[in-house]
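Structural characterization, general
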Protein chains: 4
Amino acid sequence: MTDAARPPLRVAMIGHGFMGAAHSHAWRTAQRFFDLPRRIEMVAVAGRNPETLREAADRYGWSECDTDWRRVVERDDIDLVDVVTPGSAHMEVAVAALDAGKHVLCEKPLANTLAEAGAMAEAAAKARERGVFAMVGFTYRRVPAVRLARELVESGEIGRIRQTRAVYLQDWLSDENAPLTWRLDRSAAGSGALGDIGAHIVDAIQYVTGQELTGVSGMTRTFVTERPMLEESVGLSGRASESRRGPVTVDDAAVFFGTLSGGGLATFEATRMAPGRKNALRFEISGTTGALAFDLEDLNTLQVFSFADGNTAGFRRVLVTEPEHPYVAAWWPPGHMLGYEHGFTHQVRDLVAAIDAGEQPRPSFEEGLQVQRVLEAVERSAAADARWTPLT
Amino acid sequence: MTDAARPPLRVAMIGHGFMGAAHSHAWRTAQRFFDLPRRIEMVAVAGRNPETLREAADRYGWSECDTDWRRVVERDDIDLVDVVTPGSAHMEVAVAALDAGKHVLCEKPLANTLAEAGAMAEAAAKARERGVFAMVGFTYRRVPAVRLARELVESGEIGRIRQTRAVYLQDWLSDENAPLTWRLDRSAAGSGALGDIGAHIVDAIQYVTGQELTGVSGMTRTFVTERPMLEESVGLSGRASESRRGPVTVDDAAVFFGTLSGGGLATFEATRMAPGRKNALRFEISGTTGALAFDLEDLNTLQVFSFADGNTAGFRRVLVTEPEHPYVAAWWPPGHMLGYEHGFTHQVRDLVAAIDAGEQPRPSFEEGLQVQRVLEAVERSAAADARWTPLT
Amino acid sequence: MTDAARPPLRVAMIGHGFMGAAHSHAWRTAQRFFDLPRRIEMVAVAGRNPETLREAADRYGWSECDTDWRRVVERDDIDLVDVVTPGSAHMEVAVAALDAGKHVLCEKPLANTLAEAGAMAEAAAKARERGVFAMVGFTYRRVPAVRLARELVESGEIGRIRQTRAVYLQDWLSDENAPLTWRLDRSAAGSGALGDIGAHIVDAIQYVTGQELTGVSGMTRTFVTERPMLEESVGLSGRASESRRGPVTVDDAAVFFGTLSGGGLATFEATRMAPGRKNALRFEISGTTGALAFDLEDLNTLQVFSFADGNTAGFRRVLVTEPEHPYVAAWWPPGHMLGYEHGFTHQVRDLVAAIDAGEQPRPSFEEGLQVQRVLEAVERSAAADARWTPLT
Amino acid sequence: MTDAARPPLRVAMIGHGFMGAAHSHAWRTAQRFFDLPRRIEMVAVAGRNPETLREAADRYGWSECDTDWRRVVERDDIDLVDVVTPGSAHMEVAVAALDAGKHVLCEKPLANTLAEAGAMAEAAAKARERGVFAMVGFTYRRVPAVRLARELVESGEIGRIRQTRAVYLQDWLSDENAPLTWRLDRSAAGSGALGDIGAHIVDAIQYVTGQELTGVSGMTRTFVTERPMLEESVGLSGRASESRRGPVTVDDAAVFFGTLSGGGLATFEATRMAPGRKNALRFEISGTTGALAFDLEDLNTLQVFSFADGNTAGFRRVLVTEPEHPYVAAWWPPGHMLGYEHGFTHQVRDLVAAIDAGEQPRPSFEEGLQVQRVLEAVERSAAADARWTPLT
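Residues numbered from 1 in each chain as written. Chains lettered and ligands numbered in written order. Predicted model: local features only at pLDDT ≥ 70, side-chain atom pairs only at ≥ 80, totals over all residues. Heavy atoms only, no water.

**Some details on the relation of the copies chain A and chain B**
The operation relating chain A to chain B is a screw motion whose rotation component is 180 degrees, with 0.0 Å of axial translation and a residual RMSD of 0.0 Å. Seen this way, the second copy is the image of the first under a two-fold rotation axis. Among all residues of chain A, the minimum C-alpha distance to the rotation axis is found for Arg387(A), at 2.8 Å. Both copies present the same face, since 100% of the interface residues in chain A are matched by interface residues at the equivalent positions in chain B. (Least-squares fit on C-alpha atoms with pLDDT ≥ 70 in both. Contact = heavy atoms within 4.5 Å.)

In structure tokens:
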């Protein structure tokens, strides 16, 4: 289909930090590699600071910019609002957009509190009745190896699931003089490692197994309780003040285990203090007849074990770069690696396809809410000496 | 020192199963590679079945055999008793031997119940006053890479310890028709994965960190509650009956987390149902300035990370086969691998050296008891919905 | 610098196959992540087939298209010509573009014959006198880990280089019924594995070591000498005819060794028949004090060994995703992977920076010619029973 | 079978260096784990230096010792002579033993010169007519993973073999001040890396493929031509003199490629100057339908790739520790690692079984001679500018 023949999907993005860069790349790139049913138009970006906003618009390829997000959300020439602000603003923006009849893509975690997440899911449910859709951005579902894992579980390749183990290990807070960014401030971020990266492994396990957590027991820990204030942002961190210090109000690490709706046992750890692990989202799914293992630091690979391989059974290191693998045919020949941002591009592809087909894109806000419920249950458990906390 | 010049250490072994083969190998081999201060004499082995006992004596190189272990334990010409029976007999044999003035090496876990383990530690404490020593056989402490890990922690290489993660994954019970061996019977084995392999990771973490667990929260699970009876033993498993079935009375898997005496957070998982993992005792220790990682399926290697490596920092894959590494100088040139049984040979070396020096060999029965306390606390927690269970 | 403030660089691309997709992505993306001194304008793309050309222009984001490449090359509003045709057309297009005063980026290998490559280098040398630059596209130099390897060698991190070993292993021709694409036809492709992927490892070794090959001895082999004709192209391969077959006129595999200008020994293998290896460009550089190892199937990683690490020396698995690593600061936080196409984006960045600074971009056509000389020497050696063939 | 019931095999060992320790361990250990048809008696060891000889006899478990190897070889109460001297003495001892009617096990490489190796093969052929057998000690054939590789090739698992690649990388000579041991002296060692470790990869490839090399082209290199004299031996190296230096008369590294009798292409590299590689004997066998890969630094593992695994194909990391794998049933449960010396124990097992059955043990001296022919052809090629050298 030529560009001209496809009806447009007019997009606005609210926020333009690290996630804004990734989302913008995806909006620019998806139709270059995939046959999208809609022509993407990157109409406007909103943000508070007029200067950095203008620069971001130029840099990321948005036609216009506006410091008033409400105005943007209500424009008639916008079909979809992409929310990439800090979590504390998710609810307000997403609900306003849905109410204004715009489809919404919202970054994870859905919100900083369960109440906000619930309100968002409610708004999404209402909007759906009007053919307006909301989706939460757990992009790791769109890493081809993770999607392949889901497909293998679904097709029964590893039998019934008995256990899962998942960790998300980073090390950028190991240094006790790393500065106090907004991610370490509960009022902005909601929680620490738990909500930021723990959310990803909860979603990954629920997605790949096709099951929900039914109860948890957990602990959280803040190893460094005070840090130098941030003078200037650089990447996820920045330059630390030499004189001023402030309190860390979120967790540095969270560990928990739980039960899955299918009867299995699941373990989790999220930490920003594991030296040498930069972005190690790892999971292993043990079934009755086989197993799967994944590591985001080696993201083009899925490890697959099957007892059926007999006396030459062993974890197969599958390079998920063949044309028959999910999403891959659109890209490069076998063995040519994809990177972090491809997940975002795949997200745009799936979202646009669902909207065009009038179907609910996944994960829905309800699914995002379920992840929030798990995180909240972990926090309650942790606050009560690891007490078992059912998810009802 | 020539053979003749060294005073003898006269050894008897009680039991002769899988562990008997490993211990016998160590008694035969240690003085061939290490300069032991004593000349090992493998005097006698005891067991119930006269036929298999005779065969074991021949095969493993013991001069005599006896179906009455009490008689053996009381012989004047025995200096040390090596206990490799199932856990249910540990206390009786070990205490009798200590009372008879023999040094004792006892396989792990120390006993099937906390009460028995306590009695053993008490007997050991008394014996020590008479210069008689007891040691429990956590041989993985003697894998060179594990010992090196301990030394690196001790020397401050990775700073203060914040987190540890340890798993021991096997898959030999994944098949629900694997037969009901004594290891699945609570009365003989005490517990399942928890006591058999969970004990190893608890000891490994406490040893490498030099800290004790101060509280735990855990769950256990028996995924297959009934299995065919065992017709004939082969290796750790055997041939299953086609008609008779019986109940599994121990756990298949245990997951728990806890706190370390130094303030850190520790996670654990022991399972016999992780397809593709055969003997995967793995741990990772995260400190303030670096980290260590180990995998028993790759046992000649230690992974070492240090922030001090700057912009070429990354986990170093250290082949622990250099002459300056623990135990290695006695063996082969660099890059020549050691195997499972070397840990047992190193255990004999260390035990004999300590006895000769009149020093307490490590791990002592007290240390074995501490591991039992942890396992028992996990079981209590698991029985009470994962309730937090302090170790006082 | 805002978009408007930067002077434009107006680009045309000749050809639009697999490489066209990769180059287009880079032209679109580079200024979104890097601060380029010029504003990229993707003016026109040229190709033979009007239909696929139009579609490619739309898909890849080129404003105009033209079936006459000569017309495009001579347009006044074009500053740079990007040549991504099969190798047989490289010389004609590149020389015409240089003669017309356009900068040229030409895909590797520079040409199908040494004569053509020589003519191109000559044209480039003349153009340079007029401030017009030519560059050949060995993009793997721009993988951050490869660039870091070069920097480490240059700074003396591994001492004097004694040996290098490089392989480029693929498996897409293992199946003897894989069809006869243009890459298997000497008249279009020049050579087989040798020129296609062998060129990459020759360039990689010469680049990373900073040395040239001074002589080679080699063998080539065509294991499958006849294949079904191609009915329809898909990716690098396609659908095979069931009735018609044709001769393979290039090599399937090439092995060679040689000497480096610094006195070292270098080994090479390029093959399309190594089952399980999809895109395994691997090299290891052994110096007097350390070593480096790289694998394109794990492209965000560089392995670094240094004897200076003493008794915890081991290959460090360096994730080359830190802001201080080459090119990385423009992308994502640590541990967030880059993929295949990033090398192309980095190539655009470096090329535009060099042009803007009036400096020769690297690798120059002269460097491309040197790679051709090596390949040609290997072919001569292979044709003469592996005879030693000096590169004079 | 009880010890007493088995007829004895009375063994003498000539030499007692590093290889003597490994062989003695095997003679002591084989009947402890395997059901040997003969009872091993370690009768005598011979060596030049009476003091170290006595100590070695004690240490390694030989009943008697003698400084006159000829006297030992001719004793009536010896059935088998195990030759572990430096290569320069192999011929004299082995031929004398065979002439005296003793079975012979001789360390590799068979001899330092082709002439000597030929004489040995001739003596072995004559002895065989009298029911006396000779075997050369390429123990890596007995690593379970290598044996499994052979079995998989034989059963057609990977189809017809197209290519092999083998390297044997060590780094103990990287330091240019490492001392001049006998292994660096051509008169004692015959050659350097080529004969010492190159012999292993030539044997491994010929064994696993079941094919012979039919021609080679190669280069050798001595990077450090003068070294400090050795003051005292320690392990494979030792303490260097501070004043005296001497010439290195063997190669530090050898690279070569060749053709296999089945039409395949084979590459080889042997070096003692690859920093970070301690004992990296690695090979990969590429067939028409699959591939195998092995690394001696990870010796319990075989990597197996099969196109038949379809869209989850990937190298399977097979832990070769299952009871159905070669040799393994005699040892430990799955996942329990074997080490370097197990190959020697397996060698004793196979040798004793063959002798008892009146069959030629493998590899025969003829096979050892074939390896020598390859090494000699590589040396001739290297001396003639890498000229192609057929093996006729």
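**A look at the pattern of salt bridges**
Under the criterion given, the structure shown has 144 salt bridges over all chains. Across the pair Arg316(A) and Asp309(D) runs a salt bridge, and its minimum N-O distance is 3.5 Å. In this pair, Arg316(A) sits in strand 16 (residues 315–319) while Asp309(D) sits in the loop between strand 15 (301–306) and strand 16 (315–319), so the two residues belong to two different chains. On the basis of relative accessible area, Asp309(D) is assigned to the buried category, the value being 13%. Among the charged side chains, a salt-bridge network with shared partners connects Arg142(A), Arg147(A), Glu151(A), Arg349(A) and Asp350(A). (Salt bridge = Lys/Arg side-chain N within 4 Å of Asp/Glu carboxyl O. Helix = DSSP H or I, 4+ residues; strand = E, 2+ residues; numbered from the N terminus. Buried < 20%, exposed > 50% of the residue type's maximum accessible area, 1.4 Å probe, protein only.)

**Brief notes about the pairing of strand 13 (residues 280–287) of chain C**
Sheet faces and side chains relate simply in a regular strand, where the side chains alternate between the two faces. All names here are of chain C. The buried count for strand 13 comes to seven of eight residues, which makes it a mostly enclosed element. Note: strand 7 (residues 161–169) against strand 13, eight bridges, orientation antiparallel. Looking across to strand 13, one finds that Ala 166 is bridged to Phe 283. The pairing of strand 13 with strand 14 (residues 290–295) spans five bridges and is classified as antiparallel. Each residue of the ladder has a partner; that of Glu 284, found in strand 14, is Ala 293. As consecutive antiparallel partners, strand 13 and strand 14 are separated by two residues. (Pairing = 2+ DSSP bridges.)

**A short note on the pairing of strand 5 (residues 103–107) of chain C**
Residues and elements named next belong to chain C. Most of strand 5 is tucked away, with five of its five residues classed as buried. The alternating pattern of strand 5 places His 103, Leu 105 and Glu 107 on one face and Val 104 and Cys 106 on the opposite face, and all of these are buried. When strand 4 (residues 80–83) meets strand 5, the two strands line up parallel, connected through four bridges. Paired with Val 81 across the two strands is Val 104, which belongs to strand 5. Crossover connection from strand 4 via helix 4 (residues 90–99) to parallel strand 5: handedness right-handed. In the sheet, strand 5 pairs with strand 6 (residues 134–137) via four bridges, with the strands oriented parallel. By the bridge assignment for strand 6, Val 104 is matched with Ala 134. Taken together, strand 5, helix 5 (residues 114–129) and strand 6 constitute a β-α-β crossover, and its handedness is right-handed. (Right-handed = clockwise from strand over helix to strand, strands pointing away.)

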